[in-house]
Amino acid sequence: MSGSELLLTTFNGLSFAGLLFLVASGFTLIFSLMGVLNLAHGTFYLWGGYLGLVTLGATGSWLLALLVGALGVAVGGGILERVVYRRVRGMELSEVLLSVGISLVLADLALARFGGDSLTIDPPDALAGSVSMGEVVVPKFRIAVIVAAVVVAIGLWVLLKRTKVGAIIRAGVDDEEMLDALGVNVRRVAAGVFVLGALLAGASGVVGGVFFGLYPGADAEMLLFALVVVVVGGLGSLQGAVLGGLAVGLVYSFGVTLASDLLYFILFGPMLLVLVVRPRGLLGGRH
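Calculation rules
- Residues numbered from 1 in each chain as written.
- Predicted model: local features only at pLDDT ≥ 70, side-chain atom pairs only at ≥ 80, totals over all residues.
- Heavy atoms only, no water.
- Helix = DSSP H or I, 4+ residues; strand = E, 2+ residues; numbered from the N terminus.
- Rg over C-alpha atoms; globule rule 2.2 N^0.38 Å.
- Contact = heavy atoms within 4.5 Å.
- Areas by Shrake-Rupley, 256 points an atom, 1.4 Å probe, with all protein chains shown as cover.
- Lys, Arg positive; Asp, Glu negative; His and termini not counted.
- Charge placed at Lys NZ, Arg CZ, Asp CG, Glu CD.
- Phe/Tyr/Trp six-rings, centres within 6.5 Å; stacked < 30°, edge-to-face > 60°.
- Buried < 20%, exposed > 50% of the residue type's maximum accessible area, 1.4 Å probe, protein only.
- Salt bridge = Lys/Arg side-chain N within 4 Å of Asp/Glu carboxyl O.
- Pairing = 2+ DSSP bridges.
- Core = buried A, V, L, I, M, F, W, Y, C linked by side-chain atoms within 4.5 Å.
- Axes fitted to C-alpha atoms, helices over the stretch in contact; angles between N-to-C directions.
- Parallel < 35°, antiparallel > 145°, perpendicular 65-115°, else oblique.
- Left-handed = near helix turned anticlockwise from the far one by under 90°.
- Nonpolar A, V, L, I, M, F, W, Y, C, P; charged D, E, K, R; others polar.

Turning our eyes to something else, we now look at the overall build of the protein chain. In terms of regular secondary structure, the protein chain is built from 11 helices and 2 strands. The order of helices and strands in the protein chain, counted from the N terminus, is α-α-α-α-β-β-α-α-α-α-α-α-α. Compactness check: the protein chain gives a C-alpha radius of gyration of 19 Å against a globular reference of 19 Å for 287 residues, within 12% of the reference. Viewed in the frame of its principal axes, the protein chain has a C-alpha envelope of about 60 × 50 × 35 Å. At a minimum sequence separation of 6, the contacts of the protein chain that also span at least 24 residues come to 77%. Taken as a whole, the protein chain presents about 13600 Å² of accessible surface, with 67% of it coming from carbon and sulfur. Averaging the positions of the 16 positive and the 17 negative side-chain charges in the protein chain gives two centres separated by 12 Å.

Looking now at the packing of aromatic side chains. Counted according to the given criterion, the structure contains 12 aromatic pairs. Geometrically, the ring pair formed by F44 and F194 is edge-to-face, given 6.3 Å between the ring centres and 80° between the ring planes. Here F44 is found in helix α2 (residues 41-59), whereas its partner F194 is found in helix α8 (residues 186-211), with 150 residues between them in sequence. The exposure class assigned to F44 is buried, which follows from its relative accessible area of 3%. Measuring from centroid to centroid gives 5.0 Å for Y85 and F194, while their planes differ by 50°, and the two rings are tilted. Of this pair, Y85 sits in the loop between α3 (62-83) and α4 (92-114) while F194 sits in helix α8; the two residues are 109 residues apart in sequence, bridging distant segments of the chain. The pair formed by Y85 and F194 is uniform in burial state, with each residue classed as buried. Following the ring pairs from residue to residue traces out a cluster consisting of F16, W62, F141, F211, F212, F225 and Y252.

Enumeration according to the criterion identifies 1 salt bridge in this entry. Between R86 and E81 there is a salt bridge; the shortest N-O distance is 3.1 Å. Taking the relative accessible area as the measure of exposure, R86 reaches 22% and is therefore partly exposed.

Because side chains alternate across strand β2 (residues 136-139), one face comprises the buried residues V136 and V138, and the other comprises V137 and P139, none of which is buried. The pairing of strand β1 (residues 130-133) with β2 spans 4 bridges and is classified as antiparallel. Note on β2: the bridge partner recorded for V131 is V138. In sequence, β1 turns back onto β2 through a hairpin of 2 residues, with G134 there showing a positive phi of about 70°.

Our focus in this paragraph is the nonpolar core. Soluble globular proteins tend to pack their nonpolar side chains together in the buried interior. Grouped together as the largest cluster of nonpolar side chains are 50 residues, with contacts concentrated most on F44 and I121. When residues of this core are traced back to their parent elements, those giving at least two are α1 (3-34), α2, α3, α4, α5 (140-162), α8, α9 (218-233) and α11 (263-277). When residues of this core are assigned to their parent elements, the largest contribution, 9 residues, is made by α9. Not counting the four nearest positions on each side in its chain, I121 is found in contact with G49, L53, L56, W62, V206, G209, V210 and L214. If you look at the next biggest cluster of nonpolar residues, it comprises 14 residues, including I169, V193, L200 and A241.

Here we take up the environment of L6. Looking at where L6 falls in the secondary structure, it is placed in helix α1. Put simply, L6 and A191 are 185 residues apart on the chain and 43 Å apart in space, counted from C-alpha to C-alpha.

Next up on the list: the packing of α2 against α4. Where α2 contacts α4, the two axes come as close as 9 Å, and the packing angle between them is 25°. By the criterion of interaxial angle, the relationship of α2 to α4 is roughly parallel. Considering only the axes of α2 and α4, their crossing is left-handed. Contacts between α2 and α4 involve T43, F44, L46, W47, Y50 and V54 from the first element and S103, L106, A107, L109, A110 and F114 from the second. Across the contact of α2 with α4, the residue classes break down as 10 nonpolar, 2 polar and no charged.

Now the structure itself:
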């Protein structure tokens, strides 16, 4: 591998890591407070992308498409949390089966509405095209994704570590009963976190529609990547989502370039090793 190929592969890995973090951060936020392993998260991602695609086609505004994709999924996630998830909270098997059922239903509805063809979201005009970075030429949009992931990571860190809301969220993770006894509406906090996680999934669906397109099965693929990210980094850990996203993004990019036939072995082999050595993930338990 030449120097320019190494740089380009690394850049592609970092940009993919940015997308993975946007998806996995919402996934791990929902798990960290609510303890819900929301396996419908990938379908939230897919529907966010489709809502953004429809909005972009109707208005021509990429920013509006991003907002509609994110807010539309956030509203839908809030309704599901209030009507469905809240009723089975604390029943782990029921939660998992319910989220799988919701995922299948939403995926079929997406297939019925948008068909089975792969659809692509065009990047915003300001981020179309490429830019030279030394010896390599890289898409502007991927640079923007890396920057956006860094901004979101900092924003979530500030929210969780430097605000009263974040203190309540972390307290709910450690001792929900005590928090409830102090008069905090734990259900409302949990619902807010679920909506935030759904919003991140919807926004990342619009971004992912530019990266890979939107098609039946994209939800399962992205959910699988998100699971690997949070398992490697540690369930319930924002720092773990950052570390896991970087690891999976870079491993995937170099795997595709160097040994595409062994891609899934290269991707899942380290995950299995992490599970054996550190079952809670590299940074599991840190919030």
